[in-house]
Amino acid sequence: MKDYLVRLVQVHDTFRVPELEALAEMAGVELEVVKYANDSPYCTIRLPSTAAASALISRSILGSAIYELWGSGTTYDDLHDSVKSRTQELWLLYKSVSFRFSVDTFQGKRSTSAQREIIESFSYVGFDGPIKMNNPEEEFVVFEEYGFRAPDPHKFYFGRLIATSARDVVQKYDLKKRRYISTTSMDSELALITANLVLAAPGKLFYDPFVGTGSFPIATAHFGAKALGSDLDGRSIRGTKDRNVLSNFEQYGLNGSWVDGFVADLTNVPLRIGKGRWLDGVVCDPPYGVREGLKVLGKEGVGTEPVYVDGILAHLEGYIPPKRAYSFEAMLGDILDFATATLVDRGRLAMWMPTANDEDIDLAIPSHPCLKLVSVCVQPFNKWSRRLLIYRRIPDSKVDGEAAAVRKKRVVGCGLKADDLNAFRKKYFQGFKEQNPNLEDGGGEK
Amino acid sequence: MKLLTLNFLTCARRTCKSSPLSFPLHPCDAELEIADVDFSLDFLRNILPRLEWDAMVALCSELSLPLSATVPAAAELSGAGDEPTQSAKDLHHLLLETNITAGKLVCGNCGHEYAIKEGIANFLLPAHMV
Ligand SMILES: C[S@@+](CC[C@H](N)C(=O)[O-])C[C@H]1O[C@@H](n2cnc3c(N)ncnc32)[C@H](O)[C@@H]1O
Ligand SMILES: [Zn+2]
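Residue positions are given per chain, counting from 1 as you read along its sequence in written order. Chain labels run from A onward and ligand labels from 1 onward, assigned in the order the entries are written. The predicted origin of the model limits local features to residues at a pLDDT of at least 70 and limits the giving and counting of side-chain atom pairs to 80 or more, whereas totals for whole chains, interfaces and linings rest on all residues. Excluding hydrogens and water, the side-chain values take into account all heavy atoms of the structure.

**Regarding the overall build of chain B**
Point 1. The secondary structure content of chain B amounts to five helices and four strands.
Point 2. The linear arrangement of helices and strands in chain B, starting from the amino end, is α-α-β-α-α-α-β-β-β.
Point 3. With respect to the three principal axes, the spread of C-alpha positions in chain B is 55 × 30 × 25 Å.
Point 4. For every residue, the accessible area (1.4 Å probe, protein chains only) is compared with the maximum for its type, and the residue is labelled buried under 20%, exposed over 50%, or partly exposed between those bounds. Expressed as a percentage of the 130 residues in chain B, the buried residues total 52%.
Point 5. The contact criterion used throughout is that any non-hydrogen atoms of two residues lie within 4.5 Å. The contacts in chain B between residues at least 6 apart in sequence include a share of 67% that link residues at least 24 apart. Each helix corresponds to a stretch of at least 4 residues labelled H or I by DSSP, and each strand to a stretch of at least 2 residues labelled E; elements are numbered beginning at the N terminus.

In structure tokens, the structure reads:
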């Protein structure tokens, strides 16, 4: 095992280690996180080989590159000592290759002349090859980490570039350039991260029961997987003639990865359960019930639905299904039950849910005896936050049978009004600003 | 709607879920259409053991499409150098390239009909059936 430095981006901090772990699992490599902090973009990990490092970073969204770690320290003297003691025998290998040095500062700045001085302080490595700014054979980077608004760096690293990530794809799938989106489409960066966390890969099949405009199936398709999706609102899947879920796949040349969309209610989902399990993953962002209150099919409220005037109604079934209120917690429970019944062993469930920083209205993280909670990632906003929960299906032979039997007797909540049921929604209207978190410009330094 | 999807669909009614008659759903007045999909051996290999083959056979006979009564073995999907065999290509064509664009899906247990329009099926139930 050898030490590598991952240059992370300083956004979505709590998603970063879970992503690295998922990438390691997909690449089939052993990973040990040696040094990580939520407020730093520099993460030291241990991996079996350089090939493993390349494989790991290739799909990363939250890492930009991986480096062979040549040294680290809290002062430049420290750093040089560290480099000399760790890598002296390697210097000869790079004696005559073309190369380039650069300085990467986090929360700090160095003038060109200061950078040159820093680079020259490494001249003892004795590289005689040509310096090439473009496409050199080897690239060496000095990293300086500054505390927030601190005048001087407090941590230094030196590394040899192994490989860069594919973070550019975030731009490719940017919602601003996507032809069909809605106010609740998931932003491309978070959708791609979610796809990594559920281990999307060629050959696999995923399902999104709240598919909306298809953000998650598009992200899993980017990594070669196929997907099914359904939504209570048929209009979201159908869209219009040339702007709909399928046209989004076409926009990215991913047509074959969209298996099908159909109209269904999660609480009465028409998918087979009880026979063999068949899904590699379930990925979803359930309705929080913020704008309309949570609705599922049912008897209450017949005839209260709006009538659409744009011609889309003609595609529907001739009746508008009545809906009744349902609690968010009950819906999360249904999702866990569904995932348990359909996921193959080690298959994954990714589920977004709101939380709140305010103690009173914190929603508990739901649990299920057949699902192991793998990671909890939090995305904070001004006045609320949401989290992404990742679960893994435990093989039946390893499930606690007693707990599973109790779970089967679970009573689902229904019959009450959404207002009474949905604590989050109440809080939201009392003070939260209405916004689509996915369309906000991601603040902070990248 | 791809024929593959039909291998995963049952009646949406909870009371039908426990009845073997609710799976597979039966196509009625189905309009079929072929649409190209890139071939993926990875996907076929992964999905084949998860299919309910008898349901596939029943569906194909209702649609008058040919399908062998026995599941192809994983080894039959590729030949030398991972070249897909003809039977793999046929299976791909059937599962992923054959679509029902319009018609109905009928539950063999309760008789409820679900409409398919423009390839999208609607499984919403009227209130009295929920
Ligand atoms: C937060 S949005 C998900 C958006 C989606 N990820 C996208 O990229 O567009 C929630 C979706 O759930 C759907 N929905 C609401 N209640 C539902 C239910 N009971 N069953 C299935 N879908 C439902 C809504 O129509 C909405 O499209
Ligand atoms: Zn039925």
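**Some points on the overall build of chain A**
Point 1. Along its length, chain A carries 13 helices and 16 strands.
Point 2. Counting across all 446 residues of chain A, residues that qualify as buried make up 57%.
Point 3. Long-range pairs, those at least 24 residues apart, make up 73% of the contacts in chain A between residues at least 6 apart in sequence.
Point 4. Accessible area for chain A stands at about 19100 Å²; split by element, carbon and sulfur atoms hold 51% of it. Each accessible area value is a Shrake-Rupley result obtained with a 1.4 Å probe; residue values ignore everything except the protein chains displayed when judging cover.

**Considerations on the interface of chain B and chain A**
Accessible area lost on assembly of the parts is the figure often given for the size of an interface.
Point 1. Every contact between the two is made by 37 residues of chain B and, on the other side, 42 residues of chain A.
Point 2. Buried surface area refers to the total accessible area, computed with a probe of radius 1.4 Å, that the two partners give up upon joining, counted for both partners together. In this assembly, chain B packs against chain A so that about 3400 Å² is buried in total across both faces, 59% of it on carbon and sulfur atoms.
Point 3. Three residues, B:Phe8, B:Arg50 and B:Leu124, lead the burial of chain B against chain A; their summed loss comes to 20% of the area buried on that side.
Point 4. The partner of B:Arg50 in a salt bridge is A:Asp280, and the shortest N-O contact between them spans 2.9 Å.
Point 5. In the analysis that follows, any N or O atom pair within 3.5 Å is treated as a polar contact, provided that within protein one partner can donate a hydrogen and the other can accept it, and provided that, for residues neighboring in sequence, both atoms belong to side chains. Summed over the shared surface of chain B and chain A, the number is 14 residue pairs in polar contact (both at pLDDT 80 or more).
Point 6. Here the side of chain B that touches chain A gets four residues from one element, more than from any other, and that element is helix H3 (residues 41–47) of chain B.
Point 7. Gly counts as polar in this scheme, as do all residues outside two lists: the nonpolar Ala, Val, Leu, Ile, Met, Phe, Trp, Tyr, Cys and Pro, and the charged Asp, Glu, Lys and Arg. Taken together, the residues of the side of chain B that touches chain A break down into 21 nonpolar, seven polar and nine charged. By salt bridge we mean one thing: a side-chain nitrogen of Lys or Arg within 4 Å of a carboxyl oxygen of Asp or Glu.

**Structural notes on the UniProt feature "domain: tRNA (guanine(10)-N(2))-methyltransferase TRMT11 N-terminal" (unreviewed entry) in chain A**
Point 1. UniProt positions are given in the numbering used here, feature names are shortened, and annotations may be inferred rather than shown by experiment. Cross-referencing UniProt, the feature "domain: tRNA (guanine(10)-N(2))-methyltransferase TRMT11 N-terminal" (unreviewed entry) maps to residues 2–167 of chain A in the present numbering.
Point 2. For the annotated span residues 2–167 of chain A, helix accounts for 25% and strand for 34% of the residues, and the straight-line distance between the end C-alpha atoms is 24 Å.

**Details of the pairing of strand E2 (residues 32–35) of chain A**
Point 1. One bridge is not enough; two strands pair if DSSP finds at least two bridges between them. Examined bridge by bridge, E2(A) and strand E3 (residues 42–47) of chain A share three bridges and lie antiparallel to one another. The partner of A:Glu32 across the bridge, within E3(A), is A:Arg46.

**Some thoughts on the coordination of the zinc ion (ligand 2)**
All names here are of chain B.
Point 1. Only nitrogen, oxygen and sulfur atoms qualify as donors, and only when within 2.8 Å of the metal (3.2 Å in the case of Na, K and Ca); with water excluded, sites may look incomplete. The protein atoms that coordinate the zinc ion (ligand 2) are Cys11 (SG), Cys16 (SG), Cys107 (SG) and Cys110 (SG), at distances of 2.3 to 2.4 Å.
Point 2. What the four donor atoms of the zinc ion (ligand 2) show is an angle range of 104 to 114 degrees at the metal, which sorts the shape as tetrahedral.
Point 3. All donors to the zinc ion (ligand 2) come from one chain, and their sequence spacing reads C-x4-C-x90-C-x2-C. Of this pair, cysteine 11 sits in the loop between helix H1 (3–6) and helix H2 (14–17) while cysteine 110 sits in the loop between strand E2 (98–106) and strand E3 (113–117), and the two are 99 residues apart along the sequence.
Point 4. Given a relative accessible area of 28%, cysteine 110 falls into the partly exposed group. A site with four donors is called tetrahedral when every donor-metal-donor angle falls between 85 and 135 degrees; four donors are called square planar, and six octahedral, when opposite donors sit more than 155 degrees apart and all other angles fall between 65 and 115; any other arrangement is irregular.

**With respect to the packing of aromatic side chains**
Point 1. Each Phe, Tyr or Trp ring, with Trp reduced to its six-membered ring, pairs with another whose centre is within 6.5 Å; inter-plane angles below 30 degrees give stacked pairs, above 60 give edge-to-face pairs, and intermediate values give tilted ones. Overall, the coordinates contain 29 aromatic pairs over all chains when judged by the stated rule.
Point 2. Seen from their ring centres, A:Tyr42 and A:Tyr157 are 5.5 Å apart, and the 50 degrees between their planes marks the pair as tilted. In this pair, A:Tyr42 sits in strand E3 while A:Tyr157 sits in strand E7 (residues 153–164), placing the two residues 115 residues apart along the sequence.
Point 3. A:Tyr42 gets classed as buried once you look at its relative accessible area, which sits at 1%.
Point 4. When its relative accessible area of 1% is taken as the criterion, A:Tyr157 is described as buried.
Point 5. Between A:Trp278 and B:Phe8, the ring centres sit 3.9 Å apart and the planes meet at 5 degrees, which makes this aromatic pair stacked. On the criterion of chain membership, the pair formed by A:Trp278 in the loop between strand E10 (258–263) and strand E11 (279–284) and B:Phe8 in the loop between H1 and H2 is interchain, its members lying in two chains.
Point 6. Aromatic ring contacts, followed pair by pair, group A:Trp70, A:Trp91, A:Tyr94, A:Phe99, A:Phe101, A:Phe122, A:Tyr124, A:Phe127, A:Phe140 and A:Phe158 into a single cluster.
Point 7. We call a charge positioned over a ring when the NZ of a Lys or the CZ of an Arg lies within 6 Å of the ring centre and within 35 degrees of the ring normal. Over the aromatic face of A:Phe223 sits the side chain of A:Arg59, whose NZ or CZ is 3.8 Å from the ring centroid.
Point 8. One Lys or Arg, A:Lys84, reaches over the ring of A:Tyr124 and ends 4.4 Å from the middle of that ring.

**Some points on the domain arrangement of chain A**
All names here are of chain A.
Point 1. As used throughout, domain bounds are those supplied by an automatic or database domain assignment. Domain parsing of chain A yields domain 1 (2–164) and domain 2 (171–441).
Point 2. Facing 14 residues of domain 1, the contacting portion of domain 2 comprises 19 residues.
Point 3. With both sides pooled, the region where domain 1 packs onto domain 2 buries about 1400 Å², and carbon together with sulfur makes up 64% of that total.
Point 4. Across the domain 1-domain 2 interface, the total number found is two salt bridges.
Point 5. For the pair domain 1 and domain 2, the number of links is six residue pairs in polar contact (both at pLDDT 80 or more).
Point 6. In terms of residue class, the side of domain 1 that touches domain 2 is made up of eight nonpolar, three polar and three charged.

**Things to note about the confidence of the model for chain A**
All names here are of chain A.
Point 1. In the predicted model, chain A carries a mean pLDDT of 87, and 82% of its residues have values of at least 70.
Point 2. You can read pLDDT as the predictor saying how much it trusts each residue, on a scale of 0 to 100. In this model, residues 413–421 is a region of pLDDT below 50 whose contacts with residues beyond four sequence positions or in other chains number 19 contacts.
Point 3. Ignoring residues within four places in sequence, the model shows residues 439–446, a span with pLDDT below 50, making 15 contacts including any to other chains.

**Looking at helix H10 (residues 328–342) of chain A**
Point 1. Along its 15 residues, H10(A) runs 21 Å from first to last C-alpha, staying within 8% of the 21 Å computed at 1.5 Å per residue.
Point 2. The element H10(A) is extensively covered by neighbouring structure, given that 12 of its 15 residues are classed as buried. To estimate how far a helix should reach, multiply one less than its number of residues by 1.5 Å.

**Notes on the site of ligand 1**
All names here are of chain A.
Point 1. Residues are labelled near a given molecule or strand when at least one of their non-hydrogen atoms is within 4 Å of it. The full set close to ligand 1 counts 23 residues, and Thr213, Ser215, Asp231, Asp265 and Leu266 are the nearest of them.
Point 2. Serine 215 places a side-chain nitrogen or oxygen 2.4 Å from an oxygen atom of ligand 1.
Point 3. Leucine 266 places a polar main-chain atom, nitrogen or oxygen, 2.9 Å from a nitrogen atom of ligand 1.
Point 4. Considering ligand 1 on its own, with 600 Å² of exposed area, one finds that the protein chains cover 90% of that surface.
Point 5. Listed by contribution, the elements that provide at least two residues to the shell around ligand 1 are helix H7 (215–222) and strand E12 (295–297).

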